[in-house]
Amino acid sequence: MAKYPTVQLSSGQHIPVVGLGMSHDGGYSHNALLYALGNCGIRHIDTAKRYGNEELVGKAISESGVKREELWITTKLWPGDYGYEKATQACLNSCERLGLEYLDLYLMHWPDADIPGKSAREVRAETWTALEDLYYKGICRSIGVSNFLIHHLEQLQEDCSVVPHLNQVEYHPFQRPQELVDYCVKKNIVFGGYSPLAKGEALTHPAILKIAKHYGKTPAQICIRWSIQNGIITIPKSTKENRIRENFQVFDFHLQQTDMERISSLHSDRKLIHLTYPLWKG
Ligand SMILES: NC(=O)c1ccc[n+]([C@@H]2O[C@H](COP(=O)([O-])OP(=O)(O)OC[C@H]3O[C@@H](n4cnc5c(N)ncnc54)[C@H](OP(=O)(O)O)[C@@H]3O)[C@@H](O)[C@H]2O)c1
């Protein structure tokens, strides 16, 4: 597929280890996305219904002229669309907005769920059954979850058949949930890490700056490389062409073990992303 390395999911599909984040925080740049596809050879795009840009991403894909089979497109199901029927329809709607006949990866965006008369666990299982059926039909070539903790994953495996192919969770130098990573590795669930730059906050930390200077790389490249060397699929976001290019130039150097450990020691369990109840209900 692309010139970037890939990792095989238990679905048999190969996901590029680095992708371009498309969250609505900080806005959307159509030109930057076209540049990523056309000039940097980036083939892995991470979007979501929640980001409100699936239609624009679809337009950029079409304008870029990149062949469908070369792309890896992830999108996500918002909790307001949980439940079997709604989830199925939401997936088809996402495909339509993106102008795609199939998704490479479809994720349940959050474990939280609220349907009157049903427990969150029941709703997650029912929704996951819809994703399993979309997977069996080939509409989703891989299916996964996001922000799931160990107990959510345990329950899903007790209640359903397909073990999620990937779990996408916040992962950067200040947030390294090692127990969850180890659990996912044990269960053959690939770990996807989001906000690899801690939304830019990691880029001014003195330890990161020092390591960046030592390698002659930028702080962003150090953070992204650290994720990759930890075996994490990582999806940095930028709306700037030069930064997108920079963020994907991370395959010509290797962080030594002492530097990996120094970055890992910055973990403070600080989370940047929180889901607040009314936000997802709406
Ligand atoms: N599943 C989930 O619940 C979930 C939650 C959050 C995020 N995500 C996904 O993960 C992606 C990445 O996370 P994120 O967007 O939260 O944060 P991030 O990638 O850690 O950081 C993005 C921020 O860093 C800046 N930046 C990017 N490259 C830079 C560079 N080389 N030098 C300096 N600044 C740079 C960007 O600004 P500019 O745009 O100005 O360059 C932006 O403000 C999202 O876009 C989304 O696709 C998923």
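A. Broad picture of helix α10 (residues 257-264). Those residues of α10 that fall on the buried side of the exposure criterion are D259, M260, I263 and S264. Projected down its long axis, α10 carries its buried residues within an arc of 140 degrees, all on one side. Facing away from the buried side of α10, by more than 90 degrees, are the exposed residues Q257 and T258.

B. Just the pairing of strand β9 (residues 190-194), in detail. Taking burial as the measure, the five residues of β9 include five buried ones, the bulk of the element. Judged by which residues are buried, β9 turns out to be covered on both faces: V190, G192 and Y194 on one side and F191 and G193 on the other are all buried. Of the strand pairs in this sheet, strand β8 (residues 166-170) and β9 are connected by five bridges, and their pairing is parallel. Its bridge partner lying in β9, N167 is registered against F191. Pairing analysis gives two bridges linking β9 to strand β10 (residues 233-234), with the strands arranged parallel. What sits directly across from G193, in β10, is T234.

C. The pairing of strand β7 (residues 143-146), seen in detail. A two-sided burial pattern is seen for β7, the buried positions comprising I143 and V145 on one face and G144 and S146 on the other. Here strand β6 (residues 105-108) runs beside β7; their pairing, made up of three bridges, is parallel. Counterpart to M108 in the pairing with β7 is V145. Running through helix α5 (residues 150-159), the crossover from β7 to the neighbouring parallel element β8 is right-handed.

D. Just the environment of E96, in detail. With respect to the helices and strands, the residue E96 is situated in helix α3 (residues 84-98). Assessed through its relative accessible area of 66%, E96 is described here as exposed. For the pair E96 and E55, spaced 41 residues apart in sequence, the C-alpha separation works out to 8.3 Å.

Conventions and cut-offs
Residues numbered from 1 in each chain as written. Predicted model: local features only at pLDDT ≥ 70, side-chain atom pairs only at ≥ 80, totals over all residues. Heavy atoms only, no water. Buried < 20%, exposed > 50% of the residue type's maximum accessible area, 1.4 Å probe, protein only. Helix = DSSP H or I, 4+ residues; strand = E, 2+ residues; numbered from the N terminus. Arc of directions from axis to C-beta. Pairing = 2+ DSSP bridges. Right-handed = clockwise from strand over helix to strand, strands pointing away.

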